[in-house]
Amino acid sequence: GHKVTHSLRHTLAFSYKETAFKKVVQATMIRDRQHGPILELNRMFSSQARGSKDWSRTIFAQACSMLINVSSESFLLPHRAWKVRFVGESVDDVGGGYSESIAEMCEELQSGVLPLFILTPNGRVDNGVNRDCYLFNPAAISPEETNMFRFLGILMGISVRTGSPLALDIAPPMWKLLVGLPLSVDDLNEIDKDYMNGINFFRDLPNKEEEFGAIDMPFTTPGAAGQEVPLSSTYHRINLSNRDQYVQSALEYRLHEFDFQVQAVVEGLAKVIPVPLLSLFTGEELRTMVCGHPDIPLDMLKSVAVYKGVEYSSALVQWFWEILETFSRARDHSSCDLCGVEHDYHAT
């Protein structure tokens, strides 16, 4: 069975798999109500949280505490999974408050005020790919943090079910883990290039005792968050005789470093969508279902562009579009920030 799903994962076209998946989701949709429970969220608290680093006051934590034990039936709606009342604000939520609450949660997740995400090591040292992406924080293991990871899974599931993308820049290896695929050393290189350079250095050192004597390194490995992790109760220093075991132990730790957090997110996903069917998808495909398509067709961008103080036919505008066509995907995203266009869109 595992080999069959692995084969289908990489051979079936995404559009076909997504259509079949949506049919299953539609069959479990609850349509007899306009929205789920009513949440009273305090944005004054959340603004205070940003200054104090008290994540319990964030919109994300407030919503999590109210929704984490709600029956999964409330999350099977086609549109609004909850209705929002912002404390002290005279705004009736006809959809805008719900969308605002989710947008603010995504912003909080990536602002550093919540403990769930960390920037990739590549991003922290400004080297390699995925520098602007986030990893699940392997140090976030408390009961409260575990519940928040479950709530993150619920948010992802709601996004898939309702077709409302989340503005999250999560690194590709995390999506891979969420669909049940193991990480490889190539995945580690995508998030921590310097680490893999160090591992390769130890692996390829000549078999000379004096080489290791000169290095004198502890039998530990840096985790994704930068903390030193002991790898053995037997060995304390790396030497020629334990070099291979060190490399194997270090990689084993890093390849499974996020397992606890991934399991919690999957538990949340399972409250909203049929998780077993995710074995049909690649990590990138799940990312597309949750966050929308990473590529914005230039024709679509042109069709929604608004020009102020300049005409479409002007040389400046024509030059802008010509340059944009030559941009890479990363630069395309940066230009969209300048234009005020969101990074992702869902296929209709």
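Just so we're clear, the structure is a prediction, and the values are computed from it rather than from any experiment.

Enquirer: Explanation requested: the overall build of the protein in the structure shown.
Expert: A count of helices and strands for the protein gives 17 helices and 6 strands. Looking at the protein as a whole, 45% of its 348 residues are labelled buried. Within the protein, contacts between residues separated by at least 24 positions form 68% of all contacts whose residues are at least 6 apart in sequence. Surface summary for the protein: the accessible area is close to 17,800 Å², and the carbon and sulfur share equals 55%.

Enquirer: Just checking my understanding: could you explain unusual backbone geometry for this structure?
Expert: Trans peptide bonds make up most of the peptide bonds, and negative phi angles are found at most residues other than glycine. Its identity as a non-glycine residue notwithstanding, D126 has a phi of 55°, on the positive side. By the secondary structure assignment, D126 is in the loop between helix 6 (121-125) and strand 4 (134-136). If you check the backbone angles, N130 has positive phi at about 55° while not being a glycine. By the element assignment, N130 lies in the loop between helix 6 and strand 4.

Enquirer: Please clarify how the environment of T221 should be interpreted in this entry.
Expert: Within the element layout of this structure, T221 appears in strand 5 (residues 220-222). A C-alpha to C-alpha distance of 8.9 Å links T221 and S249, two positions 28 residues apart in sequence.

Enquirer: I would appreciate a short explanation of the packing of helix 4 (residues 59-67) against helix 7 (residues 143-162) in the present structure.
Expert: To describe two helices that pack against each other, one gives the angle between their axes and the distance between the axes. Closest axis-to-axis distance for the helix 4/helix 7 pair is 10 Å, and the angle between their directions is 90°. On the basis of the axis angle, helix 4 is roughly perpendicular to helix 7. Between helix 4 and helix 7, the contacting residues are F60, A61, A63, C64 and L67 on the first element and N147, M148, F151, L152 and L155 on the second. Looking at side-chain class alone, the contact of helix 4 with helix 7 contains 9 nonpolar, 1 polar and no charged residues.

Enquirer: Quick question: what am I supposed to make of the pattern of salt bridges here?
Expert: Side chains carrying opposite charge are able to pair once their charged atoms draw close together. Per the counting criterion, the structure on display carries 15 salt bridges. We note a salt bridge from K176 to D187, for which the minimum N-O separation is 2.7 Å. Residue K176 is found in helix 8 (residues 172-178), and its partner D187 is found in helix 9 (residues 185-191); the two are separated by 11 residues along the sequence. The closest approach of N and O atoms between E257 and R254, which form a salt bridge, is 3.0 Å.

Enquirer: Mind showing me how you'd approach the confidence of the model for the protein here?
Expert: Close inspection of predicted coordinates is inappropriate for parts of the model with low pLDDT. This prediction gives the protein a mean pLDDT of 87; 89% of its residues lie at or above 70. For the stretch residues 328-348, pLDDT sits under 50, and the model shows 40 contacts to residues farther than four places along the chain or on other chains.

Enquirer: Where do I start with the nonpolar core in this structure?
Expert: Where a protein is soluble and globular, its nonpolar side chains tend to be buried together. Counting 88 residues, the largest nonpolar core has F60, W82, F136, F151, L152, M156 and L278 as its most contacted members. Sequence-distant contacts of F60, that is, excluding residues within four places in its chain, are made with M105, E108, L109, L114, L116, M148, F151, L152 and L155. Counting residues in hydrophobic clusters, the runner-up holds 6 residues, among them I296, L301, V317 and W321.

Enquirer: Help me understand the packing of aromatic side chains, please; the structure alone is not making it clear to me.
Expert: Where two aromatic rings form a pair, the distance of their centres and the angle of their planes describe that pair. Using the criterion set out here, one finds 14 aromatic pairs in the structure. Seen in terms of ring centroids, W82 and F151 are 6.4 Å apart; in terms of plane orientation they differ by 35°. Their pairing is tilted. Here the residue W82 occupies a position in the loop between helix 4 and strand 2 (83-86), and F151 occupies one in helix 7, the gap between them amounting to 69 residues. Each of the two residues, W82 as well as F151, counts as buried. Both rings, one in F136 and one in F149, keep their centres 5.8 Å apart while their planes meet at 75°; by these two values the pair is edge-to-face. Placement of F136 in strand 4 and of F149 in helix 7 is noted, with a sequence separation of 13 residues between them. Classification of F149 as buried rests on a relative accessible area of 0%. Through a chain of ring-to-ring contacts, three or more aromatic side chains come together here, namely F201, F202, F219, Y235 and Y246. Looking at R57, its charged tip hangs above the ring of F45, at a distance of 4.5 Å from the centre.

Parameters and conventions
Residues numbered from 1 in each chain as written. Predicted model: local features only at pLDDT ≥ 70, side-chain atom pairs only at ≥ 80, totals over all residues. Heavy atoms only, no water. Helix = DSSP H or I, 4+ residues; strand = E, 2+ residues; numbered from the N terminus. Buried < 20%, exposed > 50% of the residue type's maximum accessible area, 1.4 Å probe, protein only. Contact = heavy atoms within 4.5 Å. Areas by Shrake-Rupley, 256 points an atom, 1.4 Å probe, with all protein chains shown as cover. Axes fitted to C-alpha atoms, helices over the stretch in contact; angles between N-to-C directions. Parallel < 35°, antiparallel > 145°, perpendicular 65-115°, else oblique. Nonpolar A, V, L, I, M, F, W, Y, C, P; charged D, E, K, R; others polar. Salt bridge = Lys/Arg side-chain N within 4 Å of Asp/Glu carboxyl O. pLDDT = per-residue confidence, 0-100. Core = buried A, V, L, I, M, F, W, Y, C linked by side-chain atoms within 4.5 Å. Phe/Tyr/Trp six-rings, centres within 6.5 Å; stacked < 30°, edge-to-face > 60°. Lys NZ or Arg CZ within 6 Å of the ring centre and 35° of its normal.

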